[in-house]
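# Topology and contacts: notes
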Amino acid sequence: MSAVPLLETVGLTKYFAGGRSLLRRETRTVRALDGVSLTIQEQETVGVVGESGCGKTTLGRAILGLIRPTSGRVLFEGTDLVPLSRREMRGYRRNIQMVFQSPYDSFDPRFSVLSSVGEPLRTHSSLRGDALVARARELLEQTGMPGEILYRYPHEFSGGQLQRIAVARALALNPKFIVLDEPTSALDVSVQAQIINLLQALQQELKLTYMFITHDLSVVQHISDRIAVMYLGKVVELTTTEAIFADAKHPYTQALLASAPSLDPEYRRERIILEGGVPDPANPPSGCSFHPRCPVAIEVCSRDEPAFLDVGDGHMVSCHLVSAAES
Ligand code: SF4
């Protein structure tokens, strides 16, 4: 394992102006990311899970430079990308790519597969003509699609096929790191497994590093080395996939696991019903932001924010009860 992580976020925040509240005149601030610190080592896969609105997609976009963080750092091989100009960022963008949730929205229906897969090559490389076509064909074949489809259009493909083409486009510039933002959630279950298998095979072959964003813990179980659980803009638990499934410590992680269907009886657990929805991120609860929904909350939880602490073997948790039990 390299001493410098491939990617690191340090205290990353992103606040959005959320419009004016109805009753008051002040502008609301939505804390989409609220101090996320995460390291991802070379060839590692870190799953980022949580309900919608927890900040996981904002995290991916901030890492890619698609949105500018309010504060904090995004270090790629030790270089902070946040202060870089667009021009300076171009060199790094080759190394950091993204695959989006909906394969149907990822492509312009007017453009052929060659136009879409070749676009990053035209923008960021000197390949042209036959050499560009040959590279696009090679990329498609790497993702299990026949090279002959180069002159066909997005409407001619299924969701699974389009997601393979999206992966081919993401691989065009030989990236080191790919953010996978719910890449299987728009697909049938059988196709989901095929895409996960493809991503794993490509990771081995090309020595890729992934951040896999999803709302579903069972999906990341087979692909992630470690899992970060996010709630209301913060990481509340971070540990190995094995430890998450065998010994989840945060009550929110336990509730997510209980609601995820698992075929493995070892991982079936008592059902914990999460009461209510995710609170308004423009008006987060005091103390531990999970306390209004937490089945085991105690008095201190609504008052003091719990620290994010290592409770053993690098298992990081942000919960008063867990840190009291482990100390
Ligand atoms: Fe529940 Fe309190 Fe732990 Fe938050 S700090 S998860 S409210 S027990």
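You'll find the structure just up there.
First, a word on what this report is: a plain description of the structure on this page. What you see is a predicted model, and the numbers here were worked out from it, not measured in a lab.

What counts and how
- Residues numbered from 1 in each chain as written.
- Predicted model: local features only at pLDDT ≥ 70, side-chain atom pairs only at ≥ 80, totals over all residues.
- Heavy atoms only, no water.
- Helix = DSSP H or I, 4+ residues; strand = E, 2+ residues; numbered from the N terminus.
- Rg over C-alpha atoms; globule rule 2.2 N^0.38 Å.
- Contact = heavy atoms within 4.5 Å.
- Areas by Shrake-Rupley, 256 points an atom, 1.4 Å probe, with all protein chains shown as cover.
- Lys, Arg positive; Asp, Glu negative; His and termini not counted.
- Charge placed at Lys NZ, Arg CZ, Asp CG, Glu CD.
- Phe/Tyr/Trp six-rings, centres within 6.5 Å; stacked < 30°, edge-to-face > 60°.
- Buried < 20%, exposed > 50% of the residue type's maximum accessible area, 1.4 Å probe, protein only.
- Lys NZ or Arg CZ within 6 Å of the ring centre and 35° of its normal.
- Salt bridge = Lys/Arg side-chain N within 4 Å of Asp/Glu carboxyl O.
- Axes fitted to C-alpha atoms, helices over the stretch in contact; angles between N-to-C directions.
- Parallel < 35°, antiparallel > 145°, perpendicular 65-115°, else oblique.
- Left-handed = near helix turned anticlockwise from the far one by under 90°.
- Nonpolar A, V, L, I, M, F, W, Y, C, P; charged D, E, K, R; others polar.
- Pairing = 2+ DSSP bridges.
- Core = buried A, V, L, I, M, F, W, Y, C linked by side-chain atoms within 4.5 Å.

### Observations concerning the overall build of the protein chain
Regarding its fold elements, the protein chain presents ten helices and twelve strands. For 327 residues, the compact-globule estimate of 2.2 N^0.38 gives 20 Å, and the C-alpha radius of gyration of the protein chain, at 21 Å, lies within 12% of that figure. Principal-axis analysis of the C-alpha atoms gives the protein chain an extent of 70 × 50 × 45 Å. By sequence separation, contacts in the protein chain at least 24 residues apart represent 63% of the contacts at least 6 residues apart. On the protein chain, roughly 15900 Å² of surface is accessible, and the fraction owed to carbon and sulfur atoms is 49%. Each charge class in the protein chain was averaged separately, 33 positive and 37 negative side chains, and the resulting centres sit 9 Å apart.

### Describing the packing of aromatic side chains
Counted according to the given criterion, the structure contains four aromatic pairs. Aromatic side chains Phe76 and Tyr92 sit 6.3 Å apart centroid to centroid with 80° between the ring planes, which places their arrangement in the edge-to-face category. Of this pair, Phe76 sits in strand β4 (residues 71-76) while Tyr92 sits in helix α2 (residues 86-93), and the two are 16 residues apart along the sequence. Taking relative accessible area as the criterion, Phe76 reaches 0% and is therefore assigned buried. Ring centres of Tyr231 and Phe290 lie 5.1 Å apart, and the angle between their planes is 80°; on these two criteria the pair is classed as edge-to-face. Highlighted residues: Tyr231 in strand β9 (residues 226-231) and Phe290 in the loop between α9 (251-259) and β11 (309-310), separated in sequence by 59 residues. Taking relative accessible area as the criterion, Tyr231 reaches 1% and is therefore assigned buried. Three or more aromatic residues joined by ring pairs make a cluster, and in this case those are Tyr231, Tyr252 and Phe290. We note Arg110 situated over the ring of Phe111; from NZ or CZ to the ring centre the distance is 5.3 Å.

### Considerations on the side chain of Lys14
Looking at where Lys14 falls in the secondary structure, it is placed in strand β1 (residues 7-20). Asp34 provides the closest opposite charge to the buried, salt-bridge-free Lys14, at an N-O distance of 13 Å. Apart from residues no more than four positions distant in its own chain, Lys14 is found in contact with Val30, Arg31, Ala32, Leu33, Thr58, Ile67, Arg68, Pro69 and Thr70.

### Re the packing of helix α5 (residues 159-171) against helix α6 (residues 189-206)
Contact geometry of α5 with α6 gives a least axis separation of 10 Å together with a crossing angle of 20°. Relative to α6, the element α5 lies roughly parallel. Crossing handedness for the pair α5 and α6: right-handed. Residues Gly160, Gln163, Arg164, Val167 and Leu171 of α5 touch α6, and the partners they reach there are Val191, Gln194, Ile195, Leu198, Leu199, Leu202 and Leu206. The residue makeup of the contact of α5 with α6, split by class, is eight nonpolar, three polar and one charged.

### A look at the pairing of β4
Look at any regular strand and the pattern is simple: side chains alternate between the two faces of the sheet. In terms of strand pairing, β4 meets strand β5 (residues 79-80) through two bridges, oriented antiparallel. When the sheet's bridge partners are listed, Phe76 is paired in β5 with Thr79. Between β4 and β5, which pair antiparallel and follow one another directly, the connecting turn spans two residues, one of which, Glu77, has a positive phi of 50°.

### Quick notes on the nonpolar core
Counting residues in hydrophobic clusters, the biggest one holds 55 residues, and the most contacted among them are Leu140, Ile165 and Leu217. In terms of residues, this core owes the most to one element, α5, which gives seven residues. Core analysis: the next-biggest nonpolar cluster, separate from the first, contains 31 residues, Leu59, Ala62, Met211 and Val235 among them.

### What to know about the pattern of salt bridges
Here the structure, examined in full by the defined rule, presents 15 salt bridges. Ionic pairing is found between Arg31 and Asp34, a salt bridge with its closest N-O pair at 3.6 Å. Exposure remark for Arg31: the relative accessible area of 34% places this residue in the partly exposed category. You can call Asp34 buried: its relative accessible area is 16%. Between Arg293 and Glu51 there is a salt bridge; the shortest N-O distance is 3.0 Å.

### Notes on α9
A large share of α9 lies buried, amounting to seven of its nine residues. All buried positions along α9 are accounted for by Pro251, Tyr252, Thr253, Ala255, Leu256, Leu257 and Ala258. Residues of α9 that are buried make contact with β3 (45-49), α7 (217-220), β9, β10 (234-240) and α8 (241-247).

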